[in-house]
Amino acid sequence: MQHELSHKLFAEAQKHIPGGVNSPVRAFKNVNSEPPYIIRAKGAYVYDADNNAYLDYVGSWGPAILGHAPDEILNVLNQNMKNGLSFGAPTPKEIEIAKTVKDAYPSMNLVRFVNSGTEATMSAIRVARGYTGRDKIIKFDGCYHGHADFLLVKAGSGAATCGTPDSKGVPSSFTADTLIATFNDIDSVKKITDTYPNEIACIIIEPVVGNMGCIPPEKTSYVI
Amino acid sequence: MTGCRVAYGGAQELYDIKPDMTCLGKIIGGGLPVGAYGGKKEIMEMVAPVGPVYQAGTLSGNPLAMAVGLRTLQILSDNHIYQDLEHKGSLLEKGLKEVAKKAGEPICINRVGSMFSIFFTDEKVINADHARKANKDKFIKLFHHFLDNHVYIAPSPFEAGFISVAHTLDDIERTIHVFKGALTK
């Protein structure tokens, strides 16, 4: 299989973008290689610069559950973009999607939209801390919740890919209130809650872990 | 990652959990950049402009992302989609396990619906320590064998694989066949 054009593009990219990529895992360092440059994607397939087709199990790291670029979604995009790209103002569509999300997730009475999962977790924890008046949070070893400073502790693939489990540039004071428990080990959680009674603002968990590989919960109902 | 992936209503639907707060990303944007957080009314009323917790965003609720996300959710609300994904996932899991067993290669396959991982280890992987102990060299070999045979899995042993609605049974079959080639090489 030819990778000549991808190879050239990656060499060029490294002159302009750190490591040639906009998110570390894409650099293929973890598999001692370099990435194919993706030109287009449709259905279950992605196509690289050298015109190789690949059956894709990455799915843009999760979002592409319907397959890549479904016609129905492209049509929606086409219709809507004629009205403008961004207004920074309320729009009717956001009411509709909020209602739809609430229907799917009845535990949510109110929902706020942001630009990424990183923003969602960072903001949710701010709210949890604001609501409880407590600072400490519990997260699980290997769970990645985006790259907010205080969540870059034992953060699974994102950090593991770089070979640096904890990122430089994060002051230790920022992570001092991030307490780490072991996934599938309720005693490790109880130990923390016993040590810091009335100090825990929230427990953040990826219920099926995806960033130390896929790891399902052994048991799904706990009372702490 | 689990939101709208392991079930339309995420892991909380699958496992019947009622969290105080929920964070979503990825699928709800239908391919455009979106995240969301929400929860109980009294908690979420802490957020500005109602409450004292500040949070804002120039592009938050971007109209294109909202439109594309909305239609994606509407399509996904059909329960058949998740049955179909579970079917494909179970076929893939079964096929990979049979191949590994025949080849005498100890592996652990973890899967929930359309989300899965292959670990080269003879123990059940239930936490990060187990995942770190799995054989990385074997994973790297598998990754390259897959790529050389036009199958693109995540370039890291610490990422999950995702099956989509667009994957056909032939695609699954071919993946199992390529996996067989990797283990018997």
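Under the domain assignment, chain B is made up of domain 1 (10-76) and domain 2 (80-184). Computed from C-alpha atoms alone, the centre-to-centre distance between domain 1 of chain B and domain 2 of chain B is 30 Å.

Here the focus is the nonpolar core. In terms of nonpolar packing, the biggest core is built from 64 residues, with Tyr 57, Val 101 and Phe 113 of chain A together with Leu 76 and Phe 179 of chain B touching the most fellow members. Once residues lying within four places of it in the same chain are set aside, the contact partners of Phe 113 of chain A are Glu 94, Ile 97, Ala 98 and Val 101 of chain A together with Ile 28, Val 34, Gly 35, Ala 36, Ser 60, Gly 61 and Met 66 of chain B. Listed in part, the 20 residues of the second largest apolar core include Ala 148 of chain A together with Met 21, Tyr 37 and Met 44 of chain B.

With that out of the way, let us pick up the interface of chain B and chain A. Each side of the interface is counted separately: chain B has 111 residues, and chain A has 90 residues. At the boundary of chain B with chain A, total buried surface from both sides reaches about 8,700 Å², with 67% on carbon and sulfur atoms. Between Arg 71 of chain B and Glu 72 of chain A there is a salt bridge, and its shortest N-O distance comes to 3.6 Å. For the side of chain B that touches chain A, the leading source of residues is helix H3 (residues 63-76) of chain B, giving 13 residues. Bridge count for strand S3 (residues 53-56) of chain A against strand S5 (residues 151-152) of chain B is two bridges, and the pairing is parallel. Bridge assignment links Asp 56 of chain A to a residue of S5 of chain B, and that residue is Tyr 152 of chain B.

It is worth spelling out the pairing of strand S3 (residues 108-112) of chain B at this point. Residues and elements named next belong to chain B. Counting buried positions along S3 gives five out of five residues, so the element sits mostly inside the fold. Taken together, the five bridges between S3 and strand S4 (residues 115-119) define a ladder with antiparallel strand orientation. Counterpart to Val 112 in the pairing with S4 is Met 115. As consecutive antiparallel partners, S3 and S4 are separated by two residues, and within that stretch Gly 113 has a phi angle of approximately 60°, a positive value.

Turning our eyes to something else, we now look at the domain arrangement of chain A. What the domain assignment lists for chain A is domain 1 (1-83) and domain 2 (115-203). Each of domain 1 of chain A and domain 2 of chain A was reduced to a C-alpha centroid, and the two centroids are 30 Å apart.

Right, let's get into the pairing of strand S2 (residues 45-48) of chain A. Residues and elements named next belong to chain A. Bridge analysis of strand S1 (residues 38-42) against S2 gives four bridges, and the strand direction is antiparallel. In the strand pairing of S2, Arg 40 is matched with Tyr 47. Linking S1 back to S2 in an antiparallel pair, the connection comprises two residues, with Gly 43 at a positive phi of about 60°. Relative to S3, S2 runs antiparallel, the two being bridged by three bridges. Across the sheet, Val 46 pairs through a bridge with Tyr 54, a residue of S3. Turn length for the S2-S3 hairpin, with the two strands adjacent in sequence and antiparallel, is four residues, and the turn residue Asn 51 shows positive phi of about 65°.

Definitions and cut-offs
- Residues numbered from 1 in each chain as written.
- Chains lettered and ligands numbered in written order.
- Predicted model: local features only at pLDDT ≥ 70, side-chain atom pairs only at ≥ 80, totals over all residues.
- Heavy atoms only, no water.
- Domains from an automatic or database assignment.
- Core = buried A, V, L, I, M, F, W, Y, C linked by side-chain atoms within 4.5 Å.
- Buried < 20%, exposed > 50% of the residue type's maximum accessible area, 1.4 Å probe, protein only.
- Contact = heavy atoms within 4.5 Å.
- Buried area = accessible area lost by both parts, 1.4 Å probe.
- Salt bridge = Lys/Arg side-chain N within 4 Å of Asp/Glu carboxyl O.
- Helix = DSSP H or I, 4+ residues; strand = E, 2+ residues; numbered from the N terminus.
- Pairing = 2+ DSSP bridges.

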